[in-house]
Amino acid sequence: MRSFLKPMAGVTCLFALATAGCSSESDSTSDAEPPKQSSTSPSASSSASSSVTSYAPYVSATEASGNDSAGSPSVYNLAFVIADGSACTPSWNGTSAIGDASVTSRISALKEDGAQVRVSFGGASGKELAETCSTAAKLAAAYGKALDAAGSSLADFDIEGDALTDSDSVELRSEAIALLQEERSDLAVSFTLPVMPSGLDDESVALLESANDKSVQVSTVNIMTMNYGESYDGDMGDYAITSAKAAQAQLRDVFGTSDSTAWRAMALTSMIGTNDVDGETFTLSDAGQVREFAESKEVAWVSMWSTFRDQECDSGNSDEDDALTNCSGVSQSAGAFGEALAG
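Residues numbered from 1 in each chain as written. Predicted model: local features only at pLDDT ≥ 70, side-chain atom pairs only at ≥ 80, totals over all residues. Heavy atoms only, no water.

Asks: Honestly, the environment of D233 in this entry has me stumped. Any pointers?
Replies: Relative to the helices and strands, D233 resides in the loop between β9 (218-225) and α6 (236-255). For D233, a relative accessible area of 58% gives the class exposed. Every residue in contact with D233, bar those within four places of it in the chain, is listed here: Y239 and G279. (Helix = DSSP H or I, 4+ residues; strand = E, 2+ residues; numbered from the N terminus. Buried < 20%, exposed > 50% of the residue type's maximum accessible area, 1.4 Å probe, protein only. Contact = heavy atoms within 4.5 Å.)

Here it is, written out as structure tokens:
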């Protein structure tokens, strides 16, 4: 996603899905009985809706939007924590110190109505901390500092671009997350990864296998159903569902888990309105389609990039307004995508 800066043999129960448990290797094709939800589960603070699929949009960690509360999110994904330059020091978008008072106040405001916040590390710009920290211990400490600053036990790792193909940082990150989970037993971890209608690419699968090898307890794999390429000029809702089905099969293989657990371990994030690729536009109709599908499969959560784009461009012309940063580029009322994705 854009930032604000322009089965494995021997694996047993590593896929610790908060909403459905995890399946043993000997029973990987049968549906496990879901245990009670943990208080740190991404869906634990869902609204009174009967759906288990919560709504958790990406928001700016540093700047409030009038559309943040549209759809009454149960969790806000705070974008993004990255390295401060080349140092092993976490910062908000490379511009604000991790303990910045204005960000702390912003996070407190997001939590006022009972929602949780999930700290999202990485994104499309800047350096993910695993690319700048020299040891797993230092990296774990950097991640922990950001989580403590936000008062959160939910960590999202949005790994894309060069960070996804850097095998050394992938391994270091897995080691660090495992260390962090040893220190924080309530830490729920999600990975946000690019996807195509054919599924996750080899690098994304390798990242999940690395996490599995290091005994990282993965709650959710969030796929970015967006920016497929110029040859994909069809219905974005259909592409999202096709991508989800392909990725779900891969999650079953990587984690050796059941069909239903793999669905409940998935999240879907769409780039609303105009995407970065010409010809790709995610409409309000697509949002309703994705929400309906997610509920039918009991997907953990749905999300969007992003609340500050959930409004019509002032001029109504995406050539004049930046529909990739501050508006959607389509005709809509403010907050309409949030309402559609929340269901």
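Asks: What exactly am I supposed to notice about the state of the cysteines here?
Replies: Two cysteines form a disulfide when their sulfur atoms are joined by a covalent bond. Counting across every chain of the model gives two disulfides. Shown here is the disulfide that connects C88 with C133, its sulfur atoms set 1.9 Å apart. Handedness here is read from the sign of the S-S torsion; for C88 and C133, about 90°, the answer is right-handed. Within this pair, whereas C88 is found in the loop between β3 (75-83) and β4 (90-92), its partner C133 is found in the loop between β6 (116-122) and α2 (136-150), the two being separated by 45 residues in sequence. The class of C88 is partly exposed, set by a relative accessible area of 26%. Covalent S-S linkage joins C313 and C327, the inter-sulfur distance amounting to 2.1 Å. (Disulfide = S-S within 2.5 Å.)

Asks: Mind showing me how you'd approach the nonpolar core here?
Replies: Counting residues in hydrophobic clusters, the biggest one holds 79 residues, and the most contacted among them are F121, Y143, F191, L208 and L268. Sort the elements by how many residues they give to this core and α6 lands first, with nine residues. Ignoring anything within four residues of it in the chain, the contact list for L208 reads F191, L193, L200, V221, L251, V254 and F255. M1, A79, M271 and F308 belong to the second largest nonpolar core, which has ten residues in total. (Core = buried A, V, L, I, M, F, W, Y, C linked by side-chain atoms within 4.5 Å.)

Asks: How should the pairing of β3 be read in this particular structure?
Replies: The side chains of a regular strand alternate, first on one face of the sheet and then on the other. Burial within β3 is extensive, with nine of its nine residues counted as buried. Strand direction decides the pairing type here: strand β2 (residues 58-60) and β3, joined by three bridges, are parallel. Across the sheet, V59 pairs through a bridge with L78, a residue of β3. Pairing of β3 with β6, which is carried by six bridges, proceeds in the parallel orientation. Bridge pairing in β6 links V75 to Q116. Both β3 and β4 contribute to a ladder of three bridges, which runs antiparallel. Following the sheet pairing, V81 is matched in β4 by W92. Counting the residues that bridge the hairpin from β3 to β4 gives six residues, and of these G85 lies at a positive phi of roughly 70°. (Pairing = 2+ DSSP bridges.)

Asks: Looking at this model, I keep getting lost on helix α8 (residues 284-297). Mind explaining?
Replies: Owing to its 3.6 residues per turn, the α-helix brings residues three or four apart onto one side. With 14 residues, α8 ought to run about 20 Å at 1.5 Å a step, and its terminal C-alpha atoms sit 20 Å apart, in line with that. Backbone geometry just after α8 places E298 at a positive phi near 60°. (Expected span 1.5 Å × (residues − 1).)

Asks: Is there a simple way to think about the pattern of salt bridges in this case?
Replies: Note that side chains of opposite charge can pair when their charged atoms are close. The tally for this structure, following the rule as stated, stands at eight salt bridges. Between E171 and K214 there is a salt bridge whose closest N-O contact spans 3.7 Å. Of this pair, E171 sits in helix α4 (residues 167-183) while K214 sits in the loop between α5 (202-213) and β9, placing them 43 residues apart in sequence. Its relative accessible area of 32% is what places E171 among the partly exposed residues. Classification of K214 by relative accessible area gives partly exposed; the value is 30%. The residue R252 makes a salt bridge to D259 at a minimum N-O spacing of 3.5 Å. Note on D259: relative accessible area 33%, which makes it partly exposed. (Salt bridge = Lys/Arg side-chain N within 4 Å of Asp/Glu carboxyl O.)

Asks: Would you explain the packing of aromatic side chains in this entry?
Replies: Two descriptors summarise a pair of aromatic rings, namely the distance from one centre to the other and the angle between the planes of the rings. Here the structure, examined in full by the defined rule, presents 13 aromatic pairs. Centroid distance F80 to W305: 5.6 Å. Interplanar angle 20°. Geometry classified as stacked. Residue F80 is found in strand β3, and its partner W305 is found in strand β13 (residues 301-305); the two are separated by 225 residues along the sequence. Residue class for F80 comes out buried when judged on its relative accessible area of 0%. Connected via pairs of aromatic rings, a cluster forms that spans Y58, F80, W305 and F308. Directly above the ring of W301 sits R118, whose terminal nitrogen or CZ lies 4.1 Å from the centroid. (Phe/Tyr/Trp six-rings, centres within 6.5 Å; stacked < 30°, edge-to-face > 60°. Lys NZ or Arg CZ within 6 Å of the ring centre and 35° of its normal.)

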